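One letter stands for each residue in the lines below.
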Amino acid sequence: MEKSSANMKSCLQPLPKVLVSCRGLNGENNVLAVAYCGNCSYNPPMVMVGIVPTRYSYQLIKESCCFVVNLVDKSYQETFAYLGSHSKRDDDKLAAAKVRLADGKKVNAPILPDCPVNIECTIVDSIMTGSHEMFIGKIEYVHADAKLVDAEGNIDFSKINFL
Ligand SMILES: Cc1cc2nc3c(=O)[nH]c(=O)nc-3n(C[C@H](O)[C@H](O)[C@H](O)COP(=O)(O)O)c2cc1C
């Protein structure tokens, strides 16, 4: 197979893309689309998300030290696209996109009940890698639609129609 040199920027395209929800200390909620997301420890269970400091959500996440990672399925595609292309700085995007929120169980950030899995995290560390600050989140609680969870508590990811 012949190879050619390709761009280094975004040469990994991790899936699934997620929605990260957050709440500032004044109670303001926000949600943004995030592709920079992955597991980074299973003991203790931790995930990381990468947020660009110019995002409106960035300050909310910094001050509250927590966030929720929401897995998105195809039924939420339009909402995902809206939340990833509009900033709360410019308009009340949660109202415009009719996003339903519910309180987290363990952290002071909202979950998106219309998403099949919601992962509540508290920030234990972060690293400014360059364009993004990578926030390391210790998982405090995982909500999953009941039909996805087996008797041992495992999520059957094959049942989620990911974006
Ligand atoms: C597919 C997709 C992936 C994205 N991934 C990220 C990401 O990993 N980190 C980030 O900071 N912004 C990412 N964005 C951009 C934000 O979601 C977008 O700038 C959003 O409007 C920010 O909202 P806010 O300013 O209300 O926080 C992504 C957008 C899309 C559409």
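To start, this report covers the structure provided alongside it.

Here we take up unusual backbone geometry. A cis amide bond links Leu15 with the next residue in sequence, Pro16, at an omega value of -5 degrees. As for its placement among the helices and strands, Pro16 is situated in the segment before β1 (18–23). Note the cis peptide between Asn43 and Pro44, where omega equals 0 degrees. On the secondary structure map, Pro44 appears in the loop between β3 (37–42) and β4 (45–51).

Residues in close proximity to the ligand total 22 residues, the closest being Ala33, Gly50, Ser57, Ser87 and Lys88. One of the backbone N or O atoms of Val52 is found 2.9 Å from an oxygen atom in the ligand. Note that an oxygen atom of the ligand is positioned 2.6 Å from one of the side-chain N or O atoms of Ser87. At the level of secondary structure, the elements contributing two or more residues to the shell around the ligand comprise β2 (29–34), β4, α1 (56–64) and α2 (77–83). Broken down by element, the residue count for the shell around the ligand peaks at 4 residues, all from β2.

Quick look at the sheet that holds strand β8 (residues 117–128) now. With antiparallel pairing, the 7 strands of this open sheet are ordered in space as β2-β1-β5-β8-β9-β4-β3. The open sheet has two free edges, formed respectively by β2 and β3, since each of these has just one partner strand. Put simply, the sheet's adjacent strands are angled 35 degrees from each other on average, direction ignored. Pairing of β3 with β4 involves 5 bridges; the strand directions are antiparallel. The partner of Cys37 across the bridge, within β4, is Val49. Here α1 sits on the sheet in contact with β1, β2, β4, β5 (66–71), β8 and β9 (133–144), set at roughly 60 degrees to β1.

Moving on to the nonpolar core. Formed by 21 residues in total, the largest nonpolar core has its most connected members in Val20, Val49, Ile51, Ile61, Phe67, Val69 and Phe135. Contributing elements (two or more residues each) for this core: β1, β2, β4, α1, β5 and β8. Ranked by residue count, the leading element in this core is β8, at 4 residues. With near-sequence residues (within four places) excluded, Val69 lies in contact with Val18, Leu19, Cys37, Val47, Val49, Val117, Asn118 and Ile119. In terms of nonpolar packing, the next biggest core, distinct from the first, is built from 11 residues, Val31, Leu83, Leu94 and Cys115 among them.

Criteria and thresholds
Residues numbered from 1 in each chain as written. Predicted model: local features only at pLDDT ≥ 70, side-chain atom pairs only at ≥ 80, totals over all residues. Heavy atoms only, no water. Helix = DSSP H or I, 4+ residues; strand = E, 2+ residues; numbered from the N terminus. Near = heavy atom within 4 Å. Polar contact = N/O pair within 3.5 Å; in protein donor to acceptor, adjacent residues only side chain to side chain. Pairing = 2+ DSSP bridges. Axes fitted to C-alpha atoms, helices over the stretch in contact; angles between N-to-C directions. Contact = heavy atoms within 4.5 Å. Core = buried A, V, L, I, M, F, W, Y, C linked by side-chain atoms within 4.5 Å. Buried < 20%, exposed > 50% of the residue type's maximum accessible area, 1.4 Å probe, protein only.

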